[in-house]
Amino acid sequence: MAADPIHQFQITKLFTIGHIGGQEIAFTNSSAYMFLSVAVISLLMIGGSAGRQLVPGRVQSVAELSYEFVASMIKSTAGSEGMKFFPLVFSLFMFIAVSNLIGIVPYTFTVSSHLIVTVALALLVFFIVLFYGLYKNGLKFFKLFVPSGVPIYILPLVVFIEVISFFLKPVSHSVRLFANMLAGHIALKVFASFVGMLGALGILGWAGAVLPLGLTIALTALELLVAFLQAYVFAILTCIYLNDAIHPGH
């Protein structure tokens, strides 16, 4: 079981909360790590904002850098008007980044390696963009599907493609995060298993385990980068989609 690269993604029930309509509502390891991620973020932001100093300490610096990073991301993609969505984008970025980083620790659980989680986040963004776009712009929101300067004879085809691509956004938005985290952790577990299996063979096995050990270390460093990068990509795409709702047809 230790060499099984898929076992790390198994969702296990910790205890039962109750039943609704004959269906069991359970608190799982996935739920526990979601709560852990929220707790880490809360401690970081509360600790960074409480007792603020002119010369910030480490926790305050991380909290301020996180705030400025997300704020600059929103302003550069959605403009100053997009700052009304700062709580949404900041929460998504921090939750994905922290949960991804926690998932790199051995014997932990990676929340974003499950498609149901990433789909829920992507659908949240999709419906906010859709409802806010219609609320703010009314029927003008549909200018999003009619690019300017397109010849009239190919306009129906372009509109069809734009509509299809709009409704496929949650798919690409969710699958990108899920697939990257899943593939990275599988590769990391496979090479780490090679180290354990070769190390059990004695001196010759130890010599043979040097290469997979080096690859495991390299993949761990790469996964640290991917953990942050995927959170950034998810957040920047959220900002781009929000910009479409704020400025349709631009």
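Thresholds, definitions, all that
- Residues numbered from 1 in each chain as written.
- Predicted model: local features only at pLDDT ≥ 70, side-chain atom pairs only at ≥ 80, totals over all residues.
- Heavy atoms only, no water.
- Pairing = 2+ DSSP bridges.
- Helix = DSSP H or I, 4+ residues; strand = E, 2+ residues; numbered from the N terminus.
- Contact = heavy atoms within 4.5 Å.
- 1 Å grid on protein atoms, 1.4 Å probe; cavity = no way out; pocket = protein on both sides within 12 Å on 5 of 7 lines; lining within 4 Å.
- Points joined across faces, edges and corners; volume = space filled by probe spheres on them.
- Nonpolar A, V, L, I, M, F, W, Y, C, P; charged D, E, K, R; others polar.
- Expected span 1.5 Å × (residues − 1).
- Buried < 20%, exposed > 50% of the residue type's maximum accessible area, 1.4 Å probe, protein only.
- Arc of directions from axis to C-beta.
- Polar contact = N/O pair within 3.5 Å; in protein donor to acceptor, adjacent residues only side chain to side chain.
- Axes fitted to C-alpha atoms, helices over the stretch in contact; angles between N-to-C directions.
- Parallel < 35°, antiparallel > 145°, perpendicular 65-115°, else oblique.
- Core = buried A, V, L, I, M, F, W, Y, C linked by side-chain atoms within 4.5 Å.

Caption draft 1: Here's a closer look at the pairing of strand S2 (residues 23-28). Here strand S1 (residues 13-20) pairs with S2 via six bridges, running antiparallel. Residue pairing for S2: Thr 16 is matched across the bridge by Ala 26. Between S1 and S2, which pair antiparallel in sequence order, lie two residues; one of them, Gly 21, sits at a positive phi of approximately 60°.

Caption draft 2: Region of the structure containing the side chain of Asn 137. Along the chain, Asn 137 turns up in helix H4 (residues 115-137). Apart from the residues within four sequence positions on either side, Asn 137 is in contact with Ala 245, Ile 246 and Pro 248.

Caption draft 3: Seen up close, empty space enclosed by the protein. All chains considered together, the criterion is met by one cavity of 30 Å³ or more. Reported here for the largest cavity is a volume of approximately 60 Å³. Lining the largest cavity, in full, are Ala 122, Val 125, Phe 126, Val 129, Phe 166, Lys 169, Pro 170, His 173 and Tyr 241. For the lining of the largest cavity, the elements supplying multiple residues, two or more each, are H4 and helix H5 (155-199).

Caption draft 4: Focus on the layout of surface pockets. If you add up the space inside the largest pocket, you get close to 550 Å³. Lining the largest pocket are 19 residues, with Gln 8, Val 105, Pro 106, Tyr 107 and Lys 189 positioned closest to its centre. Of all the secondary structure elements, the ones that give two or more residues to the lining of the largest pocket are helix H3 (86-104), H5 and helix H7 (210-246). With five residues, the top contributor of residues to the lining of the largest pocket is H5. A class-by-class count of the residues in the lining of the largest pocket yields nine nonpolar, nine polar and one charged.

Caption draft 5: Molecular detail of helix H1 (residues 29-49). Given a rise of 1.5 Å per residue, 21 residues ought to cover 30 Å, and the 30 Å separating the end C-alpha atoms of H1 matches this to within 8%. For H1, the set of buried residues is Asn 29, Ser 30, Tyr 33, Ser 37, Ile 41, Leu 44 and Gly 48. All buried residues of H1 fall inside an arc of 120° around its axis, so they share one side. Summarising the geometry of H1, the exposed residues directed more than 90 degrees from the buried face are Phe 35, Leu 43 and Ile 46. In this fold, the buried residues of H1 make contact with S1, S2, helix H2 (58-78) and H3. Its side-chain oxygen at 3.3 Å from the backbone nitrogen of Ser 30, Thr 28 defines the N-terminal cap of H1.

Caption draft 6: Quick peek at the environment of Ala 32. For Ala 32, the position within the fold is in helix H1. Judged by relative accessible area, Ala 32 falls into the partly exposed class, the value being 25%. With 79 residues separating them in the primary sequence, Ala 32 and Val 111 have C-alpha atoms 9.6 Å apart. With residues near it in sequence (within four places) discarded, Ala 32 still touches Leu 14 and Phe 27.

Caption draft 7: Looking closely at the packing of H3 against H4. Put simply, H3 and H4 touch, their axes get as near as 12 Å, and they point 170° apart. Here H3 is positioned roughly antiparallel relative to H4, judged by the angle of their axes. Within the contact between the two elements, H3 uses Leu 88, Leu 92, Phe 95 and Ile 96 and H4 uses Leu 121, Leu 124, Val 125 and Ile 128.

Caption draft 8: Geometry of the nonpolar core. In terms of nonpolar packing, the biggest core is built from 47 residues, with Val 70, Ile 74, Val 89, Met 94, Ile 96, Phe 166 and Phe 234 touching the most fellow members. Those elements that place two or more of their residues in this core are H1, H2, H3, H4, H5 and H7. When residues of this core are assigned to their parent elements, the largest contribution, twelve residues, is made by H3.

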